[in-house]
Amino acid sequence: MSNGHHIVVLGAGYTGMFTAVRLAHRTRKTGVRITLVNPTGRFVERLRMHQVAAGQTLTEHRIPGMLEGTGVRFVEGAATAIDPEARTVTIDGKMSLGYDTLVYALGSATDTGKVPGVDAHAFTLNSIEIAGRFAERLTEVAEAGGTVTVCGGGLTGVEAATEIAESHPGLHVTLISQDEPGGMMGDKARGYLHRALDRLGIKVESGARVAKVLPEGVELADGGVIASAACLWTAGVKVSPLAAEAGIATDERGLIVVDVSLRSVSHPEIHAVGDAAAIRLAWGQIHGTCQSGLPTAQYTADTIARLVRGKTVKPFRFGYFHQPVSLGRRDAVIQFTKADDTPARWRLTGRSAVMYKEFVSGSPLLTYRLSKRMNVSTVVSKGGRATRKPAA
């Protein structure tokens, strides 16, 4: 690759930001140009969105300031089309941006289209603005001593429910989940999580499937209705349709199908990271989390830097290490895991778990700052023996 090679990174979430900053450091003497594209100039800490929903105010981080000193150009706008044959990206339907290498880091969002009424009557954690409006509604409901429902018993739903219950003790909080909350954890960590839910007065409707979200309630598949003055929806995810619309090979969910070096199997000049990539390892497919996303960004930045210099690359390897869950501001539980994300023997609870979780939530911003000057690793585990062989 010659000097002037242009790399465009789509999306400035956790993975896109890390890819751009690390790539700038790794290619600083090659003449490579890097452009980062994002719909807004604010960097959103998705790991803390449940805090915003509960009414807390986060420090605002501006993307141009975070990129200062890297040489990365920032374009504020939404990618609306990709032409992989011409190697161009259309921004906001009008501006055309050419690329030699594209990093697709558009991530995922809560899916509001599968269950009737969600898009009209429920709030999500998809943006600071929506979470902020939910927080305003919470204040109104709390004054009336009303009921709030959180739909989705995954770790995001658990964090949101506990944060809300702790911040608004006058509220009646109901967590509705098709599966058991904390079901992926070991028995002891899961038991600790459920005791925290009980302590905070959260009513758990486990094994319940939501059929419809109503203006003043949630209708279950069995016909029952749970009163709800405000509903927070955290169940299910969707990805941008941009890749599929462009003819880039995707799976049934719209994730870009990648090879062992996280490059598109149909367009090798396109690298996909984080939630946007369908990544299979020997033990199974990675599910989208910040824990797996940052290592994909690190690997992709290093891979592109090596390709720019004409060097070979090794296959991507990754193993899960932990499941950190905050239970309000004063409690947390950490389930340590095997490479395939199944529970291991060890766990952490209480104040030590709170400090651990706070470190995890704050580490991306520290990583970006340090990555301007040095190569900082976010890889805790490469998976050991579980990833030494490629996926079938």
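Residues numbered from 1 in each chain as written. Predicted model: local features only at pLDDT ≥ 70, side-chain atom pairs only at ≥ 80, totals over all residues. Heavy atoms only, no water.

A. Seen up close, the overall build of the protein. Of regular secondary structure, the protein possesses 10 helices and 26 strands. For 392 residues, the compact-globule estimate of 2.2 N^0.38 gives 21 Å, and the protein sits close to it at 21 Å. A principal-axis box enclosing the C-alpha atoms of the protein has dimensions of 65 × 50 × 40 Å. Counting every position in the protein, which comprises 392 residues, the buried fraction comes to 53%. Counting only carbon and sulfur atoms, one obtains 50% of the accessible surface of the protein, whose full area is about 17500 Å². Computed over 45 positive and 36 negative side-chain charges, the inter-centroid distance for the protein is 11 Å. (Helix = DSSP H or I, 4+ residues; strand = E, 2+ residues; numbered from the N terminus. Rg over C-alpha atoms; globule rule 2.2 N^0.38 Å. Buried < 20%, exposed > 50% of the residue type's maximum accessible area, 1.4 Å probe, protein only. Areas by Shrake-Rupley, 256 points an atom, 1.4 Å probe, with all protein chains shown as cover. Lys, Arg positive; Asp, Glu negative; His and termini not counted. Charge placed at Lys NZ, Arg CZ, Asp CG, Glu CD.)

B. Main features of helix 7 (residues 187-199). An ideal rise of 1.5 Å per residue puts 18 Å on 13 residues; helix 7 measures up with 18 Å between its terminal C-alpha atoms. For helix 7, the complete set of buried residues consists of Ala189, Arg190, Leu193, Ala196 and Leu197. Projected down its long axis, helix 7 shows its buried positions confined to an angular sector of 115°, all on one face. Turned more than 90 degrees off the buried face of helix 7, the exposed positions are Asp187, Lys188, Arg195 and Asp198. (Expected span 1.5 Å × (residues − 1). Arc of directions from axis to C-beta.)

C. Here's a closer look at the sheet that holds strand 24 (residues 322-326). The strand order across the open sheet built from 3 strands is 24-25-26, with neighbouring strands paired in antiparallel fashion. Looking at which strands have only one partner, the edges of the open sheet turn out to be strand 24 and strand 26 (343-349). Neighbour-to-neighbour, the strand axes of this sheet turn through a mean angle of 15°, independent of strand direction. Here strand 25 (residues 332-337) runs beside strand 26; their pairing, made up of 4 bridges, is antiparallel. Note on strand 26: the bridge partner recorded for Gln335 is Arg347. Its contacts with the sheet put helix 7 on strand 25 and strand 26, and the angle it makes with strand 25 is roughly 165°. (Pairing = 2+ DSSP bridges. Axes fitted to C-alpha atoms, helices over the stretch in contact; angles between N-to-C directions. Contact = heavy atoms within 4.5 Å.)

D. Spatial organisation of unusual backbone geometry. A positive phi is found at Arg87, a non-glycine position, where the angle reads about 55°. Inspection of the secondary structure assignment puts Arg87 in the loop between strand 6 (79-83) and strand 7 (88-91). Looking at Arg87, the relative accessible area reads 34%, which means it is partly exposed. With a phi close to 75°, Asp341 is a non-glycine residue in the positive phi region. Secondary-structure assignment places Asp341 in the loop between strand 25 and strand 26. Overall, the relative accessible area of 13% leaves Asp341 in the buried class.

E. Local environment of the layout of surface pockets. As a volume, the second largest pocket reaches approximately 410 Å³. Lining the second largest pocket are 15 residues, and of these Tyr299, Asp302, Lys314, Pro315 and Lys382 sit closest to its centre. Of the residues belonging to the lining of the second largest pocket, the class tally is 6 nonpolar, 4 polar and 5 charged. (1 Å grid on protein atoms, 1.4 Å probe; cavity = no way out; pocket = protein on both sides within 12 Å on 5 of 7 lines; lining within 4 Å. Points joined across faces, edges and corners; volume = space filled by probe spheres on them. Nonpolar A, V, L, I, M, F, W, Y, C, P; charged D, E, K, R; others polar.)

F. Broad picture of the pairing of strand 25. Along strand 25, 6 of the 6 residues are buried, which leaves the element largely enclosed by surrounding structure. Side chains of strand 25 alternate between two faces, with Ala332, Ile334 and Phe336 and Val333, Gln335 and Thr337 buried alike. Pairing of strand 24 with strand 25, which is carried by 5 bridges, proceeds in the antiparallel orientation. Across the sheet, the residue bridging to Pro324 is Ile334, located in strand 25. Connecting strand 25 to the antiparallel partner strand 26 that follows it, the hairpin turn spans 5 residues, and Asp341 within it adopts a positive phi of roughly 75°.

G. Structural context of the nonpolar core. In terms of nonpolar packing, the biggest core is built from 34 residues, with Phe134, Ile164, Ile202 and Leu232 touching the most fellow members. Elements supplying a minimum of two residues to this core: helix 2 (49-53), helix 5 (128-143), strand 11 (147-151), helix 6 (155-167), strand 12 (172-177), helix 7 and strand 17 (230-233). Summarising the domain contributions, this core has at least three residues from each of domain 1 (6-107 + 240-315) and domain 2 (122-233). In this structure Phe134 touches Ala53, Phe123, Val148, Ile164, Ala230, Cys231 and Leu232, once residues within four positions along its chain are discounted. (Core = buried A, V, L, I, M, F, W, Y, C linked by side-chain atoms within 4.5 Å. Domains from an automatic or database assignment.)

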